[in-house]
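Structural characterization, general
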Amino acid sequence: MARLPYEFYHRPCLEVARGLVGKVIVHNGIRMRISETEAYWGEADTACHASRGRTKRTEVLYADAGTIYVYLCYGIHWMLNIVTGEENEPEAVLIRACEGKMNGPGRLTKALSITGQLNRGSILGDELWVEDDGFSCAVATDTRVGIGYARAEDQSRLWRFKLE
């Protein structure tokens, strides 16, 4: 198995989101195959946290590709994102689900013991990483989930990528 290199993440979020489906995420010795991701594309995407610009919370989205963005949703669930693309151009991919019973980003982070302590870390480090084990799969697209606050055009984008 080969860890995904910096160059993998240093691409547009739509490419990275599609490319992560079928890869293996590793944390604390637990390995899971990614089955679903969502792309969030910068300040123009009203579903993206950066749509309102730079804030203390969103500053991490402007970091270098491969930076981990973990935030608490509804005060209950941690959400795992990986920053992609160019520095100072906020893009990220939400790791939404893994094979098995890990449907939903909150269940996924709970199963992997991921918390806000990983926020601003690197997916290229030794604590959390993604590997390519050569698995090949078809990828389907769908609309993103849980973004009712976004403009209709952003809600209808087929920026969720799923293992077929």
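Everything numeric in this text was worked out from a predicted model, so none of it was measured. (Residues numbered from 1 in each chain as written. Predicted model: local features only at pLDDT ≥ 70, side-chain atom pairs only at ≥ 80, totals over all residues. Heavy atoms only, no water.)

A few words now on the overall build of the protein. A count of helices and strands for the protein gives 4 helices and 10 strands. For the protein, the sequential pattern of α-helices and β-strands runs β-α-α-β-β-β-β-β-β-α-β-β-α-β. Its C-alpha atoms give the protein a radius of gyration of 14 Å, within 12% of the compact-globule value 15 Å for 164 residues. Burial status across the protein gives 49% buried among its 164 residues. Within the protein, residue pairs in contact and separated by at least 24 positions form 61% of the contacts whose partners lie at least 6 positions apart. Split by element, the accessible area of the protein, about 8000 Å² in all, is 49% carbon and sulfur. Where the 20 positive side-chain charges of the protein centre and where its 22 negative ones centre are 7 Å apart. (Helix = DSSP H or I, 4+ residues; strand = E, 2+ residues; numbered from the N terminus. Rg over C-alpha atoms; globule rule 2.2 N^0.38 Å. Buried < 20%, exposed > 50% of the residue type's maximum accessible area, 1.4 Å probe, protein only. Contact = heavy atoms within 4.5 Å. Areas by Shrake-Rupley, 256 points an atom, 1.4 Å probe, with all protein chains shown as cover. Lys, Arg positive; Asp, Glu negative; His and termini not counted. Charge placed at Lys NZ, Arg CZ, Asp CG, Glu CD.)

This brings us to the pairing of strand β6 (residues 91–98). Of all 8 residues in β6, 8 are buried, a share of seventy percent or more. Pairing geometry for strand β3 (residues 30–41) and β6, over 7 bridges, is antiparallel. Residue pairing in the sheet places W41 in a bridge with E91 of β6. Of the pairings in the sheet, the one linking strand β5 (residues 77–83) to β6 comprises 3 bridges and is antiparallel in character. Bridge pairing in β6 links V83 to A92. (Pairing = 2+ DSSP bridges.)

Another aspect to go through is helix α2 (residues 13–20). Those residues of α2 that fall on the buried side of the exposure criterion are C13, V16, A17, G19 and L20. For α2, the angular spread of buried residues about the axis comes to 170°, placing them on one side. In this fold, the buried residues of α2 make contact with α1 (6–9), β3, β5, β6, β8 (128–132) and β10 (160–163). Looking one or two places after α2, you find G22, whose phi comes out positive at around 95°. (Arc of directions from axis to C-beta.)

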